Amino acid sequence: MKTILAKAALSSLAVSMLLAGCGTKGGTNTSNSASDAGAHADSQRKLQVAASFYPMYEFARQVAGDFADVTMMVPGGVEPHDWEPTPKDMALLSKADVFVYNGIVESWAEQAIASAGSGDRVEVEASAGLELGASGGEVSSDGEQEGMDPHAWLSPVLAQREVEHIRDGLSKADPAHAADYEANAKAYIAKLQQLDADYRAVLGQAKQKTFVTQHAAFGYLAREYGLTQLAISGLSPDQEPTPAQMASVVKEVKSLGISTIFFEELVDPKVAETIARETSAKTDVLNPIEGLTKDDKAQGLDYIGLMKRNLAALEKTFNA
Ligand SMILES: [Zn+2]
């Protein structure tokens, strides 16, 4: 018994020596091992970031890297337009050092910020100051703040601005790691620039440029690449189309020879399916990236992966 314990103690000593050895390898002098010993305490004081829904979480996570803990408030497979925070979410928010939200989608944000108490928390409204507008002429403005289109994250160009705002917020809350947030943001923005270049290259060649979506989420994407979005419902998926709106979409689909009616994973596709049946069009998924489903996660998909899948879906319908 004694020898087993002694062996165990020895081997755990060996492990800790090994770990210490790994820790100093990258350093320039031995004083690094002292900061390694403090690393655990350090990690408990990591910046705490609460992000509202998936794209905000993903952008914040990319900027944060290893230097902050990011928590997502709206669960992955939940459509965020009509989500409301629970008392548990409010507790999370009041403990956070930074709150990242898109703006407009989170109609609850202003009140939540007020009741969570200000403290030292930095609020980042990622779409603030961006050139936002009302989407698509025929869209009704019910249900959304001042009829503004919130879906900035679906434009790879506006997404870069949102990442910059998040970078600035994290740096303000945690100036000691500002250079890290700067470097992480720069690396992710380079990926978004590549995504933008891919969209420009593919969509620039499309002959047919009108696409039908379930809710009006792709207005900024359409504006960026010279496309026309024809949305079945309004800025929020719960705005059911009137029979007149349905008839008008059916008419345009027929007259433009549109091959595909897009639907989205977090919303009931029955209206999209009805229009597809009436026009003999196919249905396909165009993802507004408002939540990551379990299936997306299992496939290793993230914001950029889903944006690439959307591009492939658009390319397919424009060239059908
Ligand atoms: Zn939406």
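Remember, it's a predicted structure, so these values are computed and weren't measured experimentally.

**Q** I would appreciate a short explanation of the confidence of the model for the protein chain in the present structure.
**A** Reading fine detail from the predicted coordinates is not recommended where pLDDT is low. Of all residues in the protein chain, 82% attain a pLDDT of 70 or more, and the chain-wide mean is 85. Scored below 50 in pLDDT, residues 1–41 shows 9 contacts in the model against residues more than four places distant or in partner chains. Contacts from residues 136–143, a stretch scored under 50 in pLDDT, to residues over four places away or in other chains number 18 contacts.

**Q** What is the right way to read the environment of Glu264 from this model?
**A** Of note, Glu264 is situated in the loop between strand 7 (260–263) and helix 11 (270–279). Counting along the chain gives 26 residues from Glu264 to Glu290, while the straight-line C-alpha distance between them is 9.9 Å.

**Q** Sorry if this is basic, but what is going on with the environment of Ser52 here?
**A** Locating Ser52 in the fold gives a position in the loop between strand 1 (47–51) and helix 4 (54–64). Along the primary structure Ser52 and Phe99 are separated by 47 residues, whereas in three dimensions their C-alpha atoms are 7.8 Å apart. Ser52 has contacts with Met73, Val74, Val100, Tyr101, Asn102 and Glu106, leaving out every residue within four places of it along the chain.

**Q** How do you make sense of the sheet that holds strand 4 (residues 122–125) when you look at a structure like this?
**A** Backbone-to-backbone hydrogen bonds pair the strands of a sheet. The strands run either parallel or antiparallel. One open sheet holds the 4 strands; their spatial order is 2-1-3-4, and the pairing between them is parallel. Pairing within the sheet leaves two strands with one partner each, and these edge strands are strand 2 (68–72) and strand 4. In this sheet, adjacent strand axes meet at a mean angle of 20 degrees when their direction is disregarded. Two elements, strand 3 (residues 98–101) and strand 4, share 4 bridges in a ladder whose sense is parallel. Counted as the bridge partner of Val98 is Val122 from strand 4. Across the sheet, helix 4 touches strand 1, strand 2 and strand 3, and the angle it forms with strand 2 is around 175 degrees.

**Q** Got a minute to help me understand the pairing of strand 7 in this structure?
**A** When a strand is regular, its side chains alternate between the sheet's two faces. Burial along strand 7 is two-sided: the face carrying Thr260 and Phe262 and the face carrying Ile261 and Phe263 are both buried. Where strand 7 and strand 8 (residues 282–285) come together, 4 bridges link them in parallel fashion. Bridge assignment links Phe263 to a residue of strand 8, and that residue is Val285. After leaving strand 7, the chain enters helix 11 and then returns to the sheet as strand 8, a path that is right-handed.

**Q** How should helix 4 be read in this particular structure?
**A** Since the α-helix turns once every 3.6 residues, residues separated by three or four places project in the same direction. Within helix 4, 11 of the 11 residues are buried, which leaves it mostly tucked inside the rest of the structure. When we look at burial in helix 4, the residues that qualify are Tyr54, Pro55, Met56, Tyr57, Glu58, Phe59, Ala60, Arg61, Gln62, Val63 and Ala64. Elements that come into contact with the buried residues of helix 4 comprise strand 1, strand 2, strand 3, helix 7 (156–173), helix 8 (178–203) and helix 13 (303–318). Remark: Gly65 follows helix 4 within two positions and exhibits a positive phi of approximately 55 degrees.

**Q** Which parts of the structure should I look at to understand the pairing of strand 5 (residues 210–213)?
**A** Pairing of strand 5 with strand 6 (residues 228–231), which is carried by 4 bridges, proceeds in the parallel orientation. Following the sheet pairing, Phe211 is matched in strand 6 by Gln229.

**Q** Could you clarify how one ought to interpret the environment of Thr260 in this entry?
**A** Within the secondary structure, Thr260 is located in strand 7. Each C-alpha atom, one on Thr260 and one on Lys282, is 4.7 Å from the other, the two residues being 22 residues apart in sequence. Not counting residues within four places of it along the chain, the set of residues in contact with Thr260 comprises Ala281, Lys282, Thr283, Asp284, Thr317 and Ala320.

**Q** What am I meant to see in the packing of helix 8 against helix 13 here?
**A** A packed helix pair is summarised by two numbers, namely the angle formed by the two axes and the spacing between the axes. Running from amino to carboxyl end, helix 8 crosses helix 13 at an angle of 5 degrees, the nearest separation of the two axes being 10 Å. Classed by the angle they form, the pair helix 8 and helix 13 counts as roughly parallel. In this structure, helix 8 uses Lys191, Leu195, Asp198, Tyr199, Val202 and Leu203 to contact helix 13, whose residues at the interface are Ile304, Met307, Leu311, Leu314 and Glu315. Here the contact of helix 8 with helix 13 is composed, by residue class, of 8 nonpolar, no polar and 3 charged.

Rules and cut-offs
Residues numbered from 1 in each chain as written. Predicted model: local features only at pLDDT ≥ 70, side-chain atom pairs only at ≥ 80, totals over all residues. pLDDT = per-residue confidence, 0-100. Contact = placed C-beta atoms within 7 Å. Helix = DSSP H or I, 4+ residues; strand = E, 2+ residues; numbered from the N terminus. Pairing = 2+ DSSP bridges. Axes fitted to C-alpha atoms, helices over the stretch in contact; angles between N-to-C directions. Buried ≥ 20, exposed ≤ 12 C-beta atoms within 10 Å, placed from the backbone. Right-handed = clockwise from strand over helix to strand, strands pointing away. Parallel < 35°, antiparallel > 145°, perpendicular 65-115°, else oblique. Nonpolar A, V, L, I, M, F, W, Y, C, P; charged D, E, K, R; others polar.

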